[in-house]
Amino acid sequence: MIALCPDVARLGDVVEVGYDDIGSGTPVVFLHGFPHNRALWAPQVQALFPFARCVTPDLRGFGESPARPPYDMDRYADDVASLLDAIGIGRAVIAGLSMGGYVAFAFWRRHRARVRALLLADTRAGADGEEGRQRRREMIAAGRAGGSAAIAEQMMPGMVGRRTRERCPSLVASVHAMLAAAPLEGAIGALEAMIARPDSSATLPGIDVPTLVVGGEDDVLTPVAEARAMHAAIHGSRLEVIAGAGHLSNLERPAAFNQVAGEFLLSLDRD
Ligand code: MLT
């Protein structure tokens, strides 16, 4: 386990963001999902830092990034752009898992000149349907009544794959702890942001940077069919399905994930 070197950047007058910035080489920004924090990406940072500059921010309201409304995908994306300004990175590979993927789509729409490539893991392009929005409203109500632990209870069943649950209960416990520790205001803000997020399907055909789409074979929150649909819509993209992994494919099968991510990053150097 390498030692991490946490930092907090002040963006403009008021916004702070917690992040790690480790390694050298192609800059890669790893965007966590809901309700996670940057620790989600520890196995990737540990494997990839020898040849990639791995930047892992906490999205506003998560981890060490203070809660600060408003919350929406554009705002999260602009925070990432401000962080890149603050640490002197022009273009980066943008890697997003699940909600991090929703932010990656917003980043592409707003800051595409800064996108060297995209890695879209366990995510979907579509917006929530009415049923999904209602589930999120219920989760907000549960969170207001019972705190982040109540949100964690509702998220956990789909968060980790069936086979990982059997194989690796200690990982399940640490994922549960991460979810339950999410700051409530940030979690509720993110739920509202996900309810309001736009459909990004129309964004996909315009993506003209190298793109790797990754899906966990056992993912029930963003099933592999979503990954296949994104792959079909993004010209020249690659698709990798991680066998035996669920929604958190990067944590559940880190070696397999790192292999496909590492190969993708090395292929960019050869372009
Ligand atoms: C996530 O992991 O970020 C969430 O499952 C995303 C979502 O609920 O849509």
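Notes on the structure in this doc start here. (Residues numbered from 1 in each chain as written. Predicted model: local features only at pLDDT ≥ 70, side-chain atom pairs only at ≥ 80, totals over all residues. Heavy atoms only, no water.)

Section: the overall build of the protein
In step 1: Within the protein, the secondary structure is distributed over 11 helices and 8 strands.
In step 2: Computed over its C-alpha atoms, the radius of gyration of the protein comes to 17 Å, within 12% of the 18 Å expected for a compact globule of 271 residues.
In step 3: A principal-axis box enclosing the C-alpha atoms of the protein has dimensions of 50 × 45 × 40 Å.
In step 4: Out of the 271 residues in the protein, the part that is buried amounts to 56%.
In step 5: Long-range pairs, those at least 24 residues apart, make up 75% of the contacts in the protein with a sequence separation of at least 6.
In step 6: With an accessible surface of roughly 10800 Å², the protein has 53% of that area assigned to carbon and sulfur atoms.
In step 7: One finds the centroid of the 27 positive side-chain charges in the protein at a distance of 2 Å from the centroid of its 32 negative side-chain charges. (Helix = DSSP H or I, 4+ residues; strand = E, 2+ residues; numbered from the N terminus. Rg over C-alpha atoms; globule rule 2.2 N^0.38 Å. Buried < 20%, exposed > 50% of the residue type's maximum accessible area, 1.4 Å probe, protein only. Contact = heavy atoms within 4.5 Å. Areas by Shrake-Rupley, 256 points an atom, 1.4 Å probe, with all protein chains shown as cover. Lys, Arg positive; Asp, Glu negative; His and termini not counted. Charge placed at Lys NZ, Arg CZ, Asp CG, Glu CD.)

Focus on the site of the ligand
In step 1: In the region of the ligand, the neighbouring residues are Gly33, Phe34, His36, Ser98, Met99, Tyr102, Arg136, Met155, Met159, Met194, Leu221 and His247.
In step 2: Between the ligand and the protein, one listed contact pairs an oxygen atom with a backbone N or O atom of Met99 at 2.9 Å.
In step 3: Alone, the ligand offers 270 Å² of accessible surface; in the complex the protein occludes 94% of this.
In step 4: Looking at the shell around the ligand, the elements with two or more residues in it are helix H3 (99-111) and helix H5 (148-159).
In step 5: Split by residue class, the shell around the ligand holds 7 nonpolar, 4 polar and 1 charged. (Near = heavy atom within 4 Å. Polar contact = N/O pair within 3.5 Å; in protein donor to acceptor, adjacent residues only side chain to side chain. Nonpolar A, V, L, I, M, F, W, Y, C, P; charged D, E, K, R; others polar.)

Some words on the nonpolar core
In step 1: Of all hydrophobic cores here, the largest spans 87 residues; its most connected members are Phe34, Met73, Tyr76, Ile94, Met99 and Val175.
In step 2: Ranked by the residues each element gives to this core, the list is headed by H3, at 8 residues.
In step 3: If we ignore the near neighbours within four places in the chain, the residues touching Phe34 are Phe62, Met99, Met139, Ile151, Met155, Met159, Ala187, Ala190, Leu191 and Met194. (Core = buried A, V, L, I, M, F, W, Y, C linked by side-chain atoms within 4.5 Å.)

Geometric descriptors of this kind do not, in isolation, establish any biological role.
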